[in-house]
Structures are given as structure tokens and as C-alpha cells.
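Architecture at a glance
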Amino acid sequence: MMRPFLKCPLVMLGFILLAMRPAAVAQMDVTLYHMSTIPQVRYTNPASSSDYKWYIGLPAISSIYANVHHNGFVVADLLKKRADDSVYFDMDNVIEQLGDRNLFGFNLQVDLLAFGWSKGENQFFFNITEKATARIRYPKDLMVLLWEGNGGFVDKTLDFSGSALRFSEYREYAFGMSRAFNDALTIGAKVKLLSGYVNASTTVSKLELYTAPNTFELTGSSDIEINISMPPDDDAEFADHFIALKNVGLGIDLGATYKLSDEIAVSGSIIDLGYINWKRNPTNFSNNLDGVTFRGNAINTFIDSTSNQPFGEIVDSLLITFSNLNETNNSYKDGLVPRVYLGGSYNLNDVNKMGLLFHGDYFRSAFYPSLTLSYNYKLPKWIGFSASYSIM
């Protein structure tokens, strides 16, 4: 029987046990996907249903959600123990574990207001949510260059093309609905009006560094675009920036669930299809350089450099070489980070459920998949327990 529910941050207890290489991941959304004990389950699939007839979330007692994920290395790769139990950073081992292209991601969302209700075969839900998302894609060669210098790449070209960064902070006004068409099939959708605060995004079509023999000079070529939209410096305009709709965008979530039997269900969803038009205080940087040589002395090996600031030398050289940027102030469009979920669940009994989930992020023309096995247990009335294990 469905029942009313007042949601708060302590309503859900989830443990995510993620340690298998090559991923270091803490993604609450893959655990959240099969947690029907809370209404936030619709954030990962608008067709999912919770156990409540109605719910409401108010400022300060609504949900707070965060996750961090990285597919490059795990903490155990970085922190090592010596024979005397002292701890040291093993950067050589970290570099060995990195892939050619590595992704770091961060998500934070805070519900300012949320409510939902059921009527017949339909469920309706609404939320106003502050969101911040970040994705950074970096190549293994960049870490090698920063840690070891360019001595190991003599007469070779390092290719950093495809590196990318996207950071966005925005507010989401969303309304969704799901409908059970029969005992097996439920389809849901959520439409979103987006108001952007801050954005920084890059497109690195080309970024190459060549190390000359004998002199160790670096010659660089680049084709880079950087777009930034920031709030104004004026306090009054800054406050207005967070109230008015200045950088407007649209988004949509789509999902479906299908019960194969009383015990087995399959489901799928696509979340955060959309974009934001960044029009307020936009700044655009671009360059297209071919064969520019670094000034100054060669960069020595980072860990053995006689300089007090070898890392600074590398950064300064990069800045000098690629400082010839063209600046404009044109509005631009930047997409969200779409996510795909394909799941299956098996009800062991009324309170125990197992789940299997395929999940992936789509970022800058690349897809980053993960696979999660989860266990969910319904405690009496208002508490749910979930544990999951993920591989990326």
C-alpha cells in the first residue's frame, strides 16, 4: 500500500563498495537506480516508481546528492607502505595504471523544492534543483610529462588532442510524469527548464608537443577553443544573476520499465539530454598555432630537476607557447552530460532485491561505461539499505 513520505537527507543509507581496477569510482546514481524506497529514484529513471502516494521536500530538509568518479587509478595505486609502515606516494605506479585517455567526473545537486503525487495510473513529480557538474578528460602522456619531464620523449611527438574540460553550474526547474499502461509497462518523461550560472568548456582539436634531440626544446602545435561564462562582479548584478533566467536551456529525461514477472523487471533510461545557451558575460578564446618553439632552457626531468619549481617551469613554458589566444565575446551553446541506464532486477522476496545495471556517460564524442551489481533491502517503514559493486 502506498503511503505519504516527507523526504530528508537521512532517509537513505547507501554504501558503495568500488575497488576493482581500472576504476576509482564513487557513483551514487548507480546505487540509487534500484532504490524504490525513496522518490529520488526518479532522478535516474522517470518511469521508476517509489513506495509513496505523495512526498514533499523543502529547503534545508530536502535531498543532497554528490558523486565523484575517476577511471584512471585507485587510491591504493597512489599510496604505498614501506617496510617501516611509513606511507609514500608512488607516482610511477599511478602512471602505469593510467589509460591513454582518462576521465574524472564530479556531480553535486541540492533540491530546493520537490514534491510528487499519484493519481490513478499516473505519477507526477516536480523539482527545483541546484546542480554542478564537471568532467575532465586527460591523456596519460600529460601526467608523464608533468612528472618525468620531456627527457623520455626525445624526437617524439606527444599528442594531447581530445583533452577536454567542462564545468557547469545551473538551476533546474523540472516537471515529470509516468504512466502505467498495464501491469507490466510503465513509461515516464521529465522536461526541464535550465538557468545557467557558470560554465567553462574546452575543445582541443589539436595539441601536440615535439621534443627536439640534443637541445630538448619543445615545439608545439595547437587548435584550441575555450568558452567561459561567469557571473558579473557587481554585487547587485551578481544577486540578479542567480534569480533571473539569463542563460537559458532545455533538457529532457526519458525512461521505461517492464515487468517480465512478479519477480523480474527490466528498465532503461536516458538522462540529461539537453543544452544551455550561455549569453551572459561570455568570453571565447581560440588559437591555431603550428610549430611554435618554447623559449628558455630545456625542461629537465621533474623529479630530478635542479630547479626549485620544476612543475612551474613546465607550466610557464606551456603558457608562453600557447598564450597567443584570440579573444571574442560571443554567446555559445554547451550541452549537458547525457547518461544511459539499462537495468534488470530480481525480487528475492518482499524486502530483498538484487539488481544489475549497465550505465554510461557520454562526453565529448566518447562513451564511458560501467557495470554495477547491487543489493537492496527494505527496512520497516522509512529506511532502505543498499550496497553496490561497480566496474568501469
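Refer to the structure printed above.
From a predicted model like this one, the values you see are computed outputs, not experimental measurements.

**Examining the overall build of the chain**
- Secondary structure summary: the chain contains 6 helices and 22 strands in total.
- Within the chain, buried positions represent 46% of all 392 residues.
- Long-range contacts, defined as pairs at least 24 residues apart, comprise 72% of the intrachain contacts of the chain with a sequence gap of at least 6.
- Per element, the accessible surface of the chain, about 19,300 Å² overall, is 60% carbon and sulfur.

**As for a nonpolar patch on the surface**
- Taken together, the side chains of L342, L356, F358, Y362, F367, L371 and L373 make up a nonpolar region of the molecular surface, amounting to roughly 650 Å² of accessible area.
- Checked against the element boundaries, F358 lands in strand β20 (residues 352–363).

**Describing helix α4 (residues 140–148)**
- What α4 keeps buried is the set V144, L145 and L146.
- Positive backbone phi, at 80°, marks G149, one or two positions downstream of α4.

**Here's the deal with the environment of N93**
- One can find N93 in helix α3 (residues 91–97).
- Residue classification places N93 among the buried residues on the basis of a relative accessible area of 13%.
- Between the alpha carbons of N93 and D77 there is a distance of 6.2 Å; along the sequence they are 16 residues apart.
- Filtering out sequence-adjacent residues up to four positions away, N93 remains in contact with D77 and K80.

**What to know about the environment of L112**
- Looking at where L112 falls in the secondary structure, it is placed in strand β8 (residues 101–119).
- When its relative accessible area of 28% is taken as the criterion, L112 is described as partly exposed.
- Note: C-alpha distance between L112 and I128 (16 residues apart in sequence) is 5.5 Å.
- In contact with L112, other than residues within four places in its own chain, are G57, L58, P59, I128, T129, E130 and R171.

**Here we look at the nonpolar core**
- Of all hydrophobic cores here, the largest spans 10 residues; its members are I95, V144, L145, F153, L158, F160, V204, L207, L209 and I224.
- Taken together, the elements giving at least two residues each to this core come down to α4 and β12 (185–211).
- Examining the composition of this core, we find that 3 residues originate from one element, β12, more than from any other.

**A look at the pattern of salt bridges**
- Within the structure shown, the criterion is met by 10 salt bridges.
- When the shortest N-O distance is used, the salt bridge between E130 and R171 registers 2.4 Å. Of this pair, E130 sits in strand β9 (residues 122–139) while R171 sits in strand β11 (residues 164–180), placing them 41 residues apart in sequence. Comparing E130 with R171, the two get one shared label, buried.
- Linking K131 and E172 is a salt bridge whose minimum nitrogen-to-oxygen distance equals 2.8 Å. With K131 in strand β9 and E172 in strand β11, the pair connects residues that are 41 residues apart, well separated along the chain. Here K131 matches E172 in class, with each residue buried.

**Some points on unusual backbone geometry**
- Positive phi, normally seen in glycine, also occurs at R364, with a value near 50°.
- Mapped onto the elements of the fold, R364 is located in the loop between β20 and β21 (366–378).
- Accessibility expressed as a relative area gives 22% for R364, which makes it partly exposed.

About the criteria used
- In every chain, residue numbers begin from 1 and rise along the written sequence.
- Only residues with pLDDT of 70 or above have their local features reported here, since the model is predicted, and side-chain atom pairs are shown and tallied only from 80 upward, although totals for entire chains, interfaces and linings are computed over all residues.
- Hydrogens are left out, water is left out, and the side-chain values use all remaining heavy atoms of the structure.
- Every helix listed is a DSSP run of H or I at least four residues long, and every strand listed is a run of E at least two residues long, numbered separately from the N terminus.
- With a 1.4 Å probe rolled over the protein chains alone, any residue whose accessible area is under 20% of its type maximum counts as buried; one over 50% counts as exposed, and the rest are partly exposed.
- Here, residues are in contact when the closest pair of their heavy atoms is within 4.5 Å.
- Surface exposure here means Shrake-Rupley accessible area, sampled with a 1.4 Å probe, where a residue is shielded only by the protein chains that are shown.
- Patches in this entry comprise residues that are over 30% relatively accessible and not in a salt bridge; like charges within 9 Å are linked, as are nonpolar side chains (Val, Leu, Ile, Met, Phe, Trp, Tyr) within 5 Å.
- Whenever a carboxyl oxygen of Asp or Glu lies within 4 Å of a side-chain nitrogen of Lys or Arg, that contact is scored as a salt bridge.
- Remark: nonpolar core denotes a set of buried residues (Ala, Val, Leu, Ile, Met, Phe, Trp, Tyr, Cys) joined through side-chain atoms within 4.5 Å.

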